[in-house]
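Now for the letters of each chain:
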Amino acid sequence: MAERSFKKEVEQLRMGAGGTFRGEGILAVTKALLENGVGYVGGYQGSPISHLMDVFSDAQDLLAEYGVHFENSASEATAAAMLAASVNYPIRGAVAFKSTVGTNVASDALANLASGGVTGGALVILGEDYGEGSSIMQERSHAFAMKSQMWLLDPRPNLPSIVAAVGHGFRLSEASNTPVMMQMRIKSCHVHGHFTASDNQRPKMTVSDALQNPKRDLSRIVLPPAVFLHENEKIDRRWPNAVSYILENNVNEQFGNPASRIGLIVQGGTYNGVIRALNRLGLSDIYGETDIHILCLNAVYPLCDSQILDFCDGKDAVLLVEEGQPNFIEQAIGHMLYQAGRKTVLAGKGTLPMAGEYTGKRLVEGIAAFLREHAPGLLPPATATPNEPAQSDIPDLSSVVPARPPGFCTGCPERPIFAATKLVQRQLGEHHIASDIGCHLFSIMPPFDIGSTTMGYGLGPASASALQNRDKAGKRSISFVGDGGFWHNGLTSSIGNASFNKHDGLIVIVDNHYAAATGGQDILSSRAANKSRKTNNPIADAVRGMGVKWVRQIDRTYDVTRMRDTMIEALTSPEEGPKVIVASSECMLNRQRREKPALAKATKEGKRTVRPRFGVDEDICTGDHACMRLSGCPSLSVKDTGDPLRDDPVAAIDQSCVGCGNCGEVADAAVLCPSFYQAEIVSNPTPAEKRRASRTARIIGWLQARRDARRLTFA
């Protein structure tokens with residue numbers, strides 16, 4: 001199951017010509033693929049593109065009606081390799097994954113695809129995860145596009161532009177026999193709007209048709225001497241054809257007054273932010289009408305020299321809005337102007353920040369600084385001097401909003417794994433711990449403070465491979481990998497490598513039944529039945545198949561004592577080779593998504609339902625808060641008892657508790673205190689339960705009144 005369902009929304013995908021399609025960017029992409037006769041789609045989930053994969057999955061019956069093949073790829077490399085179907089056959093194919101980490105994984109397949117070239121349109125839809133809200137290293141897809149000479153589209157963040165970019169991507173790919181990348185920034189993925197729909201088109205050739213009529217072109221296979229011809233073809237034919245298509249089809253757009261003495265060249269994805277900044281400076285209305293000449297690059301690679309030089313002709317200065325570093329576009333345009341002997345001043349980095357996301361505040365400041373230097377007459381009086389910037393009403397949120405580091409959800413089954421790890425280190429001493437990509441990476445944050453490295457998805461154990469202690473009496477490394485990373489890359493690169501090299505460390509596979517960090521998509525080891533995928537493939541069996549002998553399966557990670565003791569066993573076992581613990585419990589978010597609606601429905605129908613809840617006995621709690629230092633659950637907080645004889649507030653559990661029991665288990669395993677108790681909230685109780693509850697309440701009330709009376713006597 002995924003984070004959310006798009007089954008209602010995908011019904012819109014049947015809309016015919018003339019209808020008004022409404023929704024968010026990822027739905028618009030799917031509709032555009034159908035309108036452009038896509039033959040197959042695939043990909044791998046990852047923010048901010050995860051929901052596009054969810055849309056594909058929910059729409060797979062509709063895709064099948066049009067003869068479109070869909071699959072959830074095992075990794076980004078698998079998805080990229082799918083595009084090989086477009087090498088020899090005139091089939092349009094599209095794959096989607098997160099960039100840049102996904103592009104790195106797919107790099108081998110993409111480089112080979114770009115070398116040999118394609119016959120059918122091949123579109124790579126990239127979730128460009130750049131900026132302050134990103135969870136990955138800050139790199140750009142632009143570098144990869146340049147490296148392999150794949151064309152890169154960056155459409156304006158509105159639905160008509162996104163839909164147009166999908167069509168341009170396919171046609172540009174076919175016109176130049178080159179795969180095309182289309183980056184979808186976070187705002188583009190989730191922007192809402194509407195566009196006028198066209199009829200869906202069946203692919204001119206399906207993958208089934210291709211299988212019945214196989215083709216082979218030796219010149220497209222990446223082997224010498226063909227590879228040398230591929231390189232020449234890129235320069236002699238593919239690049240000129242791409243530039244011609246971009247110019248002839250007006251892929252790039254111009255706005256504003258061409259007679260303006262200053263201009264802005266902007267990446268398509270930054271256009272909305274630029275217009276908003278101009279609006280705040282009083283130089284544009286909310287619809288983008290402005291007297292400043294703007295060249296919007298919806299195709300950021302390749303650049304069209306003649307178009308850019310024509311735009312700069314007659315202008316005193318041009319500001320390039322290029323988000324991220326290095327400044328690839330600025331270097332290219334600067335070289336164009338130099339070679340052509342133009343005197344137009346090119347501003348970019350320096351006027352705008354070299355790195356980081358171009359937020360509204362940064363764009364207002366940068367554009368205002370550019371105009372103050374090159375066209376001060378355009379600015380309103382309040383912004384004409386640096387001492388009175390127009391953005392003075394924009395607060396510095398970093399000084400107002402408290403930091404919100406990532407952390408585990410309430411009831412997360414991974415939390416007790418790391419509580420157990422802390423207890424292990426308390427007993428055996430500090431160990432080198434290698435982390436991995438996924439929810440479990442939050443263990444690097446307080447209260448656990450565990451983990452030294454993270455090198456890539458599924459590479460946690462591999463990143464500890466050099467740390468092999470040949471001293472039999474020495475410490476062993478500990479490494480973590482999630483179930484998603486395990487199936488993505490970890491089975492061979494981490495487990496296989498450890499088995500092959502007889503690595504003696506402990507590997508903990510955190511199995512929460514889903515690719516949880518990307519939205520809860522099913523994977524090979526998911527327990528749920530999936531109508532179109534084969535699930536319920538045990539991780540432990542795959543590990544044993546790689547030659548690992550020491551394997552332990554734990555099916556309830558909340559048992560902190562068992563987790564601790566099993567880890568100690570692994571770290572002290574005399575047996576050689578890797579020690580693998582598969583720690584399994586269902587992701588609490590997905591569990592709640594499944595159980596809460598069913599529970600609410602049963603309660604509404606008058607059926608008896610029971611919900612577990614945990615609490616803290618204030619009279620027993622000592623207030624040392626050790627439970628929080630070993631748990632960190634968001635529902636575990638502090639409470640002032642009002643007792644003047646108690647200096648410290650006691651622990652308290654708020655209403656967000658989901659009844660996982662982790663707090664009590666941690667307290668027990670760490671020999672803390674017996675202050676935690678479990679209660680049950682019963683809806684629609686039986687008559688006997690009502691009588692028992694009433695009797696219990698009377699007894700407790702009498703005892704409390706008696707205690708209060710004694711306190712008054714002593715007072």
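Refer to the structure printed above.
Because the structure is predicted, anything quoted here is derived from the model rather than measured. (Residues numbered from 1 in each chain as written. Predicted model: local features only at pLDDT ≥ 70, side-chain atom pairs only at ≥ 80, totals over all residues. Heavy atoms only, no water.)

Enquirer: Hey, could you run me through the sheet that holds strand β13 (residues 317-321) in this one?
Expert: Two pairing modes exist for strands in a sheet, parallel and antiparallel, and in both the strands are linked by backbone hydrogen bonds. If you trace the five strands from one edge of the open sheet to the other, you get β9-β11-β10-β13-β14, paired in mixed fashion. The open sheet has two free edges, formed respectively by β9 (253-255) and β14 (345-347), since each of these has just one partner strand. Direction aside, neighbouring strands of the sheet carry axes that sit 20° apart on average. In this structure, strand β10 (residues 262-267) lies alongside strand β11 (residues 293-297), joined through five bridges in parallel fashion. Its bridge partner lying in β11, Gln 267 is registered against Leu 297. Against the sheet, helix α17 (residues 360-374) engages β10, β13 and β14, with an angle of about 170° to β13. (Pairing = 2+ DSSP bridges. Helix = DSSP H or I, 4+ residues; strand = E, 2+ residues; numbered from the N terminus. Axes fitted to C-alpha atoms, helices over the stretch in contact; angles between N-to-C directions. Contact = heavy atoms within 4.5 Å.)

Enquirer: What am I meant to see in the pattern of salt bridges here?
Expert: It is possible for side chains bearing opposite charge to pair when their charged atoms get close. With the rule as written, the count across this model stands at 32 salt bridges. Glu 357 is the partner of Lys 187 in a salt bridge, and the nearest nitrogen-oxygen pair spans 3.5 Å. Residue Lys 187 is found in helix α11 (residues 186-190), and its partner Glu 357 is found in the loop between β14 and α17; the two are separated by 170 residues along the sequence. When the shortest N-O distance is used, the salt bridge between Glu 689 and Arg 608 registers 2.5 Å. With Glu 689 in helix α25 (residues 687-714) and Arg 608 in the loop between α22 (588-604) and β20 (609-616), this pair connects stretches of sequence that are 81 residues apart. The exposure class assigned to Glu 689 is buried, which follows from its relative accessible area of 16%. Through salt bridges that share partners, Arg 220, Glu 233, Arg 237 and Arg 238 make up one connected network. (Salt bridge = Lys/Arg side-chain N within 4 Å of Asp/Glu carboxyl O. Buried < 20%, exposed > 50% of the residue type's maximum accessible area, 1.4 Å probe, protein only.)

Enquirer: I would appreciate a short explanation of the environment of Gly 263 in the present structure.
Expert: Assignment of secondary structure puts Gly 263 in strand β10. The class for Gly 263 is buried, based on a relative accessible area of 0%. Linking Gly 263 and Val 318, residues 55 residues apart in sequence, is a C-alpha distance of 4.7 Å. Residue contacts for Gly 263: discarding those within four places in its chain leaves Ile 292, His 293, Phe 311, Lys 315, Ala 317, Val 318, Leu 319 and Phe 370.

Enquirer: Is there a simple way to think about helix α19 (residues 483-500) in this case?
Expert: Helical geometry: 3.6 residues make up each α-helical turn, so side chains three or four residues apart lie on a common side. When the terminal C-alpha atoms of α19 are compared, their 21 Å separation across 18 residues is substantially less than the 26 Å that a helix rising 1.5 Å per residue should span. At Gly 490, α19 shows its maximal bend, which comes to roughly 90°. α19 sits mainly inside the fold: 13 of its 18 residues count as buried. Remark: Lys 502 follows α19 within two positions and exhibits a positive phi of approximately 50°. (Expected span 1.5 Å × (residues − 1). Bend = angle between axes of the 7 residues up to and from the residue.)

Enquirer: Just to check I follow, could you spell out a nonpolar patch on the surface for this structure?
Expert: Together, Leu 218, Ile 221 and Leu 223 line one region of the surface with nonpolar side chains, adding up to about 290 Å² of accessible area. As for its placement among the helices and strands, Leu 223 is situated in the loop between α12 (207-212) and α13 (226-248). (Patch = residues over 30% accessible without salt bridge, like charges linked within 9 Å, V, L, I, M, F, W, Y side chains within 5 Å. Areas by Shrake-Rupley, 256 points an atom, 1.4 Å probe, with all protein chains shown as cover.)

Enquirer: Hey, could you run me through the packing of helix α15 (residues 305-312) against helix α16 (residues 328-339) in this one?
Expert: The axes of two packed helices give the description: the angle between them and the distance between them. Direction vectors running N to C along α15 and α16 enclose 70°, while the axes themselves pass 10 Å from each other. The pairing of α15 with α16 is recorded here as roughly perpendicular in orientation. Facing Asp 305, Ile 308, Leu 309 and Cys 312 of α15, the residues of α16 in contact are Ile 333, Met 336 and Leu 337. (Parallel < 35°, antiparallel > 145°, perpendicular 65-115°, else oblique.)

Enquirer: I'm lost on the environment of Val 424 in this one. Help?
Expert: Within the fold, Val 424 resides in helix α18 (residues 415-428). In this structure Val 424 comes out as buried when scored by relative accessible area, which is 0%. The spacing of Val 424 and Leu 571 is 147 residues in sequence and 9.4 Å in space, taken between C-alpha atoms. With residues up to four places along the chain from it excluded, the contact list for Val 424 reads Gly 429, Arg 564, Met 567, Ile 568 and Leu 571.

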